[in-house]
Amino acid sequence: MIRMIAACARNRVMGSGGTLPWKIQKDWEHFLQSTRNDALVMGRRCYEDFVEYAQERKVVVLTRNPTLTFAYAQRAGNLAEGIKQASAMARNVWICGGEEIYGEAMSICEELHLTQIDADFEGDARFPDWGDHFPNEQSRRETTGNGYRLTFLVLQK
């Protein structure tokens, strides 16, 4: 199964300068637990922020630069190639960002795991509008973390 996992603020901001604009432990633990034992597909900037965790994971990094190599990940030149490589590593594939990759993957993912953070943040990366692609809510869990109200959603086509 091809899934997408992301977190975004009320204003859909999800990144600032190549990293998350927040530090919310419950959201991070949710990401790590949800994707454990599966393969991850992410862009280079996301990988650079994730590299310390990559050695314990199966990761494919998307980059248009054919000369780049990654210490704990395979390289792919586009999303289709990345999904093919990740599918050979694990039964489940998770699309993990960034913004352009999420936009391209919306139509091919079967499920979206989205953490909504009930706050607005400043940032330069926004999560694409998902409503038309994932109209069916399968589950919802609300909690708080680091002073923010969080909603963990699982949405399907």
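Check the entry above for the structure.
Just so it is clear, the model here is predicted, and its values are computed rather than measured.

Describing the overall build of the chain
Looking only at helices and strands, the chain has four helices and ten strands in total. A compact globule built from 157 residues should have a C-alpha radius of gyration of about 15 Å, and the chain, at 15 Å, falls within 12% of that. Across its three principal directions, the C-alpha atoms of the chain cover 40 × 30 × 25 Å. Looking at the chain as a whole, 48% of its 157 residues are labelled buried. By sequence separation, contacts in the chain at least 24 residues apart represent 62% of the contacts at least 6 residues apart. With the model as given, the accessible surface of the chain reaches about 8,200 Å², and the carbon-plus-sulfur share is 44%.

Some details on unusual backbone geometry
Note that the residue after Gly97, namely Gly98, is joined by a cis bond; omega there is 10 degrees. The residue Gly98 is located in the loop between strand E6 (93-95) and helix H4 (99-105) in this model.

Focus: the pattern of salt bridges
Scanning all chains against the criterion turns up eight salt bridges. For Arg44, the salt bridge goes to Glu48, with nearest N and O atoms at 2.9 Å. One end of the pair, Arg44, and the other, Glu48, are both in helix H2 (residues 44-54), four residues apart, so they sit about a helical turn from each other. Assessed through its relative accessible area of 31%, Arg44 is described here as partly exposed. On the basis of relative accessibility, which here comes to 48%, the residue Glu48 falls in the partly exposed class. The partner of Glu100 in a salt bridge is Arg64, and the shortest N-O contact between them spans 2.4 Å.

Some thoughts on helix H3 (residues 79-89)
Of all the positions in H3, only Leu79, Gly82, Ile83, Gln85 and Ala86 are classed as buried. Take H3 and look down its axis: the buried residues cluster within an arc of 165 degrees, on one side only. Exposed side of H3, more than 90 degrees from the buried face: Ala80, Lys84 and Ala88 are the residues found there. N-cap assignment for H3: the residue whose side-chain oxygen lies 3.2 Å from the backbone N of Ala80 is Asn78.

With respect to the layout of surface pockets
The space that makes up the largest pocket amounts to roughly 1,200 Å³. Around the largest pocket sit 41 residues that line it, and Arg45, Cys46, Cys96, Gly97 and Gly98 are the ones nearest its centre. Mapped by element, the contributors of at least two residues to the lining of the largest pocket are strand E1 (2-9), strand E2 (13-15), helix H1 (25-35), strand E3 (39-43), H2 and H4. The element best represented in the lining of the largest pocket is H2, accounting for seven residues. When grouped by side-chain class, the residues that make up the lining of the largest pocket number 19 nonpolar, eleven polar and eleven charged.

Here we look at the environment of Phe152
Residue placement: Phe152 occurs in strand E10 (residues 148-156). Given the relative accessible area of 6%, Phe152 is considered buried. Along the chain, Phe152 and Leu114 lie 38 residues apart, while their C-alpha atoms are 5.9 Å from each other. Setting aside anything within four residues of it in sequence, one finds Phe152 in contact with Lys26, Asp27, His30, Leu114, Thr115, Ser139, Arg140, Arg141 and Thr143.

The rules behind these values
Going along each chain's sequence as written, the residues are numbered from 1 onward. In keeping with the model being predicted, local features are shown solely for residues with a pLDDT of at least 70 and side-chain atom pairs are shown and tallied solely at 80 or more, while totals for entire chains, interfaces and linings include all residues. With hydrogens and water excluded, all non-hydrogen atoms of the structure serve as input to the side-chain values. Note on conventions: DSSP H or I runs of at least 4 residues are helices, E runs of at least 2 residues are strands, and numbering of each starts at the N terminus. For a compact globule the rule gives 2.2 Å times the number of residues to the power 0.38, and the radius of gyration it is set against comes from C-alpha atoms. Only protein chains enter the accessibility calculation, which uses a 1.4 Å probe; a residue is then buried when its area is under 20% of its type maximum, exposed when over 50%, and partly exposed in between. The criterion used for residue contact is that any of the two residues' heavy atoms lie within 4.5 Å. Accessible areas in this description were obtained via Shrake-Rupley with a 1.4 Å probe; residue shielding takes into account the shown protein chains only. For salt bridges, the criterion is a side-chain nitrogen of Lys or Arg within 4 Å of an Asp or Glu carboxyl oxygen. Taken from the helix axis, the directions to the C-beta atoms give the arc we talk about. We call two N or O atoms a polar contact when they sit within 3.5 Å, provided that within protein one can donate a hydrogen and the other can accept it, with sequence-adjacent residues counted only if both atoms are side-chain atoms. Any residue with an atom within 4 Å of a point lines the site, the site being either a cavity, points on a 1 Å grid over the protein atoms alone where a 1.4 Å probe fits but cannot get out, or a pocket, an open set with protein on both sides within 12 Å along at least 5 of 7 lines. Grid points are joined across faces, edges and corners, and a volume is the space filled by probe spheres set on the points. Lys, Arg, Asp and Glu make up the charged group, whereas Ala, Val, Leu, Ile, Met, Phe, Trp, Tyr, Cys and Pro make up the nonpolar group; the residues left over, Gly among them, are polar.

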